[in-house]
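# Architecture and fold: a report
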Amino acid sequence: MQFLSSLPMFDPALAALLQAEEEKQRDSIRLIASENFASAAVREACGSVLTNKYSEGYPGARYYEGQQIVDQVERLAMARARLIFNAEHVNVQPYSGSPANLAAYLAFVRPGDTVMGMRLAHGGHLTHGSRASITGKYWNIASYELDPHTGLLDYDLIRTKALQHRPKLLIAGHSAYPRQLDFAAFRKIADEIGAPLLVDMAHIAGLVAGGAHPSPIPYADVVTTTTHKTLRGPRGAMIMCRAEHASKIDKAVFPGLQGGPHNNTTAAIAVALHEAAQPDFAEYAKQCVLNAQALGRGLLERGFTLVTGGTDNHLLLIDLRKKGLPGKAVAEALDRAGLVANYNSVPWDDRPPQDPSGIRLGSPAMTTRGFGEKEFLQIAEWIDRIVASGLDDVTIFQVGGEVRELCRSFPMP
Ligand SMILES: *Cc1c(COP(=O)(O)O)cnc(C)c1O
């Protein structure tokens, strides 16, 4: 591409930073559950001439001229999404997952209405009603929590809470819950209280596309998703909904919340969806789950505690309380060894969110690079070695060498 040669000439300082980041990504094992490696094709579409074009509105109904090609790009992305997810309507314009969720709020509830989602500290997302988010300030939030005995979602408890608070919008979806969701159970609760059901599948969209997780589409009124997590596309989002809600959702995105769509992102979403329709994507999705389960087995065998006891998706939550080490210090030590994860609250954490008791791990990024169960079992061994050493410098240095060595055999896309 053109910019690859022009950037180092025109802006060597920025080009050097990009080069350094590329090397960092190449030489480390990325276990952040929300991250992935987008293909060169996706990144080319992102960096294309479509960034030059303004196109407020929707295909066939724009406020700017010159949309002959852009309309086809957006229609292609929409058609591919409808096909893969079997959705009646799709909007590919939200700038990211958080604005997509805000658009769903705008479409279905008025400020002050009650909304019910999963508590952030129990695995929900900021935009599901955290007090730090606009959603927790403009709406009255009643969060549901995990069952304290099992660490699992208990649908009877959610139902009881829903009947008590009567939310005008029910949200299912998570950023840190390692189990499958029972969308039929959520649908039943939504019907009982007469509220629309929003499923936020940001984390699991790729698993759903690849057939490795049940689809929420038949059950939800509206489904939001990011496109850059397990779906492996550009940073962006989509909203899918039943035909009856199409106009409400479209108006909420534009002109409700946004101006012109990022056409370069739309093009890259189309590419990612084309990739997701290939047979090897189903293999990848299945392997994400197998790899996360292998990592979980390796950790359990070494005496680690996992929230819910394991995983049936792409992520794991280690509860470090029994190991007597805080999450932040462990995440920093792992990072120094090239094992990049994030510290995370565990349910009923007695430590603050800035320094919680857990670590979240995910398989998608390294599955994309070709890691299998063998490599994920090796990661469990490395994590254990570092934790068992009490975060000893020499051990971290030794593991770091082995990590870089393994990365060399699994090139970045
Ligand atoms: C990541 C995530 C989002 C937000 O996506 P951004 O693109 O970071 O704004 C929303 N919901 C859930 C469940 C997520 O995991």
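Residues numbered from 1 in each chain as written. Predicted model: local features only at pLDDT ≥ 70, side-chain atom pairs only at ≥ 80, totals over all residues. Heavy atoms only, no water.

## A closer look at the domain arrangement of the chain
On domain assignment, one finds that the chain holds domain 1 (43-276) and domain 2 (280-407). Using C-alpha coordinates to define each centre, domain 1 is positioned 28 Å away from domain 2. With 28 residues of domain 1 at the interface, the matching set in domain 2 holds 25 residues. When the two sides are added together, the surface that domain 1 and domain 2 hide from each other amounts to roughly 2100 Å², 61% of it contributed by carbon and sulfur. Broken down residue by residue, the surface that domain 1 buries against domain 2 is led by Pro178, Arg179 and Arg232, which jointly contribute 30%. Counting across the interface, domain 1 meets domain 2 through one salt bridge. One salt bridge in this structure joins Asp312 and Arg179, with 3.3 Å as the shortest N-O distance. Across the contact surface, domain 1 and domain 2 share eleven residue pairs in polar contact (both at pLDDT 80 or more). (Domains from an automatic or database assignment. Contact = heavy atoms within 4.5 Å. Buried area = accessible area lost by both parts, 1.4 Å probe. Salt bridge = Lys/Arg side-chain N within 4 Å of Asp/Glu carboxyl O. Polar contact = N/O pair within 3.5 Å; in protein donor to acceptor, adjacent residues only side chain to side chain.)

## Regarding the pairing of strand β9 (residues 222-226)
Summarising burial for β9: five of the five residues are buried, a large majority. Burial of β9 is two-sided: the residues Val222, Thr224 and Thr226 facing one way and the residues Val223 and Thr225 facing the other way are all buried. Across three bridges, strand β8 (residues 197-200) lies against β9 in parallel orientation. Its bridge partner being in β9, Asp200 is matched across the sheet by Thr224. Looking at chain direction, β9 and strand β10 (residues 237-241) are connected through five bridges and run antiparallel. Bridge assignment links Thr225 to a residue of β10, and that residue is Met238. (Buried < 20%, exposed > 50% of the residue type's maximum accessible area, 1.4 Å probe, protein only. Helix = DSSP H or I, 4+ residues; strand = E, 2+ residues; numbered from the N terminus. Pairing = 2+ DSSP bridges.)

## Brief notes about helix α8 (residues 183-193)
All of the buried residues along α8 are Phe183, Ala185, Phe186, Arg187, Ile189, Ala190 and Ile193. Buried residues belonging to α8 abut α7 (155-165), β7 (169-173) and β8. Between a side-chain oxygen at the N-terminus of α8 and the backbone nitrogen of Ala184 the separation is 3.3 Å; the capping residue is Asp182.

## Re the pattern of salt bridges
All chains considered together, the criterion is met by 21 salt bridges. The closest approach of N and O atoms between Lys168 and Asp113, which form a salt bridge, is 4.0 Å. Linking Lys168 in the loop between α7 and β7 with Asp113 in the loop between α5 (97-108) and β5 (114-116), this pair joins segments that are 55 residues apart in sequence. For Asp393, the salt bridge goes to Arg336, with nearest N and O atoms at 2.5 Å. Taken together, the residues span a long stretch of sequence, with Asp393 in helix α16 (residues 393-408) and Arg336 in helix α13 (residues 327-336) at a distance of 57 residues. Classification of Arg336 as exposed rests on a relative accessible area of 53%. One network of salt bridges, in which partners are shared, links Arg187, Asp191, Asp221 and Arg242.

## Some remarks on the environment of Ser133
Counting through the fold element by element, Ser133 comes out in the loop between β5 and α6 (134-138). A relative accessible area of 9% places Ser133 in the buried class. Remark: the alpha-carbon pair of Ser133 and Leu325, spanning 192 residues in sequence, is separated by 29 Å. The residues contacting Ser133, other than those within four sequence positions of it, are Leu126 and Thr127.

## Considering the packing of α5 against helix α10 (residues 246-257)
As a packed pair, α5 and α10 sit with axes 8 Å apart at the nearest point and diverge in direction by 115°. By the criterion of interaxial angle, the relationship of α5 to α10 is roughly perpendicular. Crossing geometry of α5 relative to α10 is assigned as right-handed. Packed against α5, whose contacting residues are Pro99, Leu102, Ala103, Ala104, Leu106, Ala107 and Phe108, the element α10 presents Lys248, Ile249, Ala252, Val253, Gly256 and Leu257 at the interface. (Axes fitted to C-alpha atoms, helices over the stretch in contact; angles between N-to-C directions. Parallel < 35°, antiparallel > 145°, perpendicular 65-115°, else oblique. Left-handed = near helix turned anticlockwise from the far one by under 90°.)

## Overview of the site of the ligand
Neighbouring residues of the ligand: 13 residues in total, closest Ser96, Ser98, Ser175, Asp200 and Lys229. Contact between the ligand and Asp200: a nitrogen atom at 2.5 Å from a side-chain N or O atom of the residue. Protein contact buries 86% of the 380 Å² of open area that the ligand shows by itself. Residue contributions to the shell around the ligand peak at three residues, all from α5. Of the residues contributing to the shell around the ligand, the split by class is one nonpolar, ten polar and two charged. (Near = heavy atom within 4 Å. Areas by Shrake-Rupley, 256 points an atom, 1.4 Å probe, with all protein chains shown as cover. Nonpolar A, V, L, I, M, F, W, Y, C, P; charged D, E, K, R; others polar.)

## Details of empty space enclosed by the protein
Take a probe with the size of a water molecule and roll it over the atoms, and the empty space left behind shows itself. Tallying each qualifying case throughout the model produces three cavities of 30 Å³ or more. Space inside the largest cavity adds up to approximately 60 Å³. Lining of the largest cavity is provided by Val92, Gln93, Pro94, Tyr95, Arg235, Gly236, Ala237, Pro261, His262, Thr265, Thr266 and Ile269. Partitioning the lining of the largest cavity into residue classes produces six nonpolar, five polar and one charged. (1 Å grid on protein atoms, 1.4 Å probe; cavity = no way out; pocket = protein on both sides within 12 Å on 5 of 7 lines; lining within 4 Å. Points joined across faces, edges and corners; volume = space filled by probe spheres on them.)

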